Amino acid sequence: MAGENNKCRTAMIVPCRLAQVWVCLLAMLGYGCEDRRMNNMIGDQVYLNEFGENVQPVFKGDHFTYRLQVIKSGVGQQGGEVSINVDESILARYEGKYTLLPAELYQVKSSQVPLKSSEYKAHFELEFDAAAIERLEASTHLQYAIPFRLSSNTLKLAPDQQLFSVVVPKVLNPYIQFKTPGLAPATASVSLANSAPETRYYAFLQTNYHNQSDLQYKVEVSEHALEAYNKEQGTTHQLLPAAAYRIDQASFTIAGQNNEQAMSYYLITGKVPAGEYMLPFEIMQVSKYGIDPQAKTMLIPVKILE
């Protein structure tokens, strides 16, 4: 009898285990199960990307804009609209450091922007009268700011400290300049015995603003720049003779939507004796805006090896 009872119990256990397996498989396939994928996920909320004190370059010239970015974080299932308004009371947190910028010196192109459920960022576009701000600051000796506060009737807001941005305009001239002005950090060299007839090198130029159009510029070798450097530093660097280099004038362009580009130059082998020289570049012209007077020269040490 005991043997028969054990057989019965075994016969019952097998179907039970099979049933458990089927339950697990159904659960894995999602049949009749609660979807817990969204558990512990944070709901959508919005905040300003550059919240708090926010010093921003404001360039003198046409059509320069600044974008105050708003971010939507979370599971990304909700859309809505966000708005900004000027809240002068925020300036009290800075204990007299800033004065409210007069409304006529800037424009918010749209104080309300939409955010689709699939979008995680949007921006408010601002235009400034940079020249007028510069004149106002020169006459009053005050520092001005615009305290913006973010709000929304449809989207959840982040904590308060992420909802305001005190935009402080810093007025600048739009310039082209060398990326590493002054004495170059590396030496360009060629070998009289082993180098190719021409060896290509690069010098990088950049704008201090977001460049949107093709910029044409001109760079020349400036003996005057070398003389000024030698006098200032108490050095006696020799100018690399013209026969030993070639500048690629076809590379004198920074393409639109680019803020940086390389200028090509070549060292020519076998034209001058071995020794140490200097190749002083100076930006002479640019097709739009101006040249940074503090970053318009770059002096490249050149070594001619045996």
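Quantities reported herein were computed from a predicted structural model and do not represent experimental measurements.

Conventions adopted
Residues numbered from 1 in each chain as written. Predicted model: local features only at pLDDT ≥ 70, side-chain atom pairs only at ≥ 80, totals over all residues. Heavy atoms only, no water. Buried < 20%, exposed > 50% of the residue type's maximum accessible area, 1.4 Å probe, protein only. Helix = DSSP H or I, 4+ residues; strand = E, 2+ residues; numbered from the N terminus. Arc of directions from axis to C-beta. Contact = heavy atoms within 4.5 Å. pLDDT = per-residue confidence, 0-100. Phe/Tyr/Trp six-rings, centres within 6.5 Å; stacked < 30°, edge-to-face > 60°. Lys NZ or Arg CZ within 6 Å of the ring centre and 35° of its normal. Salt bridge = Lys/Arg side-chain N within 4 Å of Asp/Glu carboxyl O.

Chemist: Sorry if this is basic, but what is going on with helix α2 (residues 130–140) here?
Modeler: Working note: α-helix, 3.6 residues per turn, so residues spaced by three or four point in the same direction. Among the residues of α2, those classed as buried are A130, A132 and I133. An end-on view of α2 places all buried positions within 160 degrees of arc, on one side of the element. Turned more than 90 degrees away from the buried face of α2, the exposed residues are R135, A138 and S139. On the buried face of α2, the contacting elements are β2 (52–59), β8 (121–128) and β11 (164–172). Backbone geometry just after α2 places H141 at a positive phi near 60 degrees.

Chemist: What should I look at first to understand the confidence of the model for the protein chain in this one?
Modeler: Reading predicted coordinates in detail is not appropriate for stretches of low pLDDT. Averaged over every residue, the pLDDT of the protein chain is 89; the share at 70 or more is 85%. Low pLDDT, under 50, characterises residues 7–14; the stretch is placed with zero contacts to residues that sit more than four places away or in other chains. Across residues 29–41 the pLDDT falls below 50, and counting only partners more than four positions away or on other chains, this stretch makes six contacts in the model.

Chemist: Can you help me understand the packing of aromatic side chains in this one?
Modeler: Each pair of aromatic rings is reported with the distance of its centres and the angle of its planes. Overall, the coordinates contain 10 aromatic pairs when judged by the stated rule. With 5.6 Å between their ring centres and 80 degrees between their planes, F64 and Y209 make a pair best called edge-to-face. Residue F64 is located in the loop between β2 and β3 (65–73), and its partner Y209 is located in the loop between β15 (198–207) and β16 (215–221); the two are separated by 145 residues in the primary sequence. With respect to class, F64 is no different from Y209; both count as buried. Ring geometry for Y209 and Y289: centres 5.4 Å apart, planes at 85 degrees, overall edge-to-face. A residue pair is termed long-range when its members are at least 10 positions apart, and Y209 in the loop between β15 and β16 and Y289 in the loop between β20 (275–286) and β21 (290–291) qualify at 80 residues. Since its relative accessible area comes to 31%, Y289 is described here as partly exposed. Through successive ring pairs, a cluster of aromatic residues spans F59, F64, Y209 and Y289. Just above the ring of F204 sits the side chain of K179; from NZ or CZ to the centre is 5.8 Å.

Chemist: Looking at this structure, I do not really get the pattern of salt bridges. What am I missing?
Modeler: Any two side chains of opposite charge can pair if their charged atoms end up close together. Summed over the entire model, instances satisfying the criterion amount to 14 salt bridges. Between R93 and D160 there is a salt bridge, with its nearest N and O atoms 3.3 Å apart. Note that R93 is positioned in the loop between β4 (80–86) and β5 (99–100) and D160 in the loop between β10 (156–157) and β11, a separation of 67 residues in sequence. R246 is paired through a salt bridge with E198; the nearest N and O atoms lie 3.0 Å apart. With R246 in strand β17 (residues 245–247) and E198 in strand β15, the pair connects residues that are 48 residues apart, well separated along the chain. Residue class for R246 comes out partly exposed when judged on its relative accessible area of 35%. For E198, a relative accessible area of 35% gives the class partly exposed. Members of the salt-bridge network, linked through shared partners, are R67, K109, E125 and E127.

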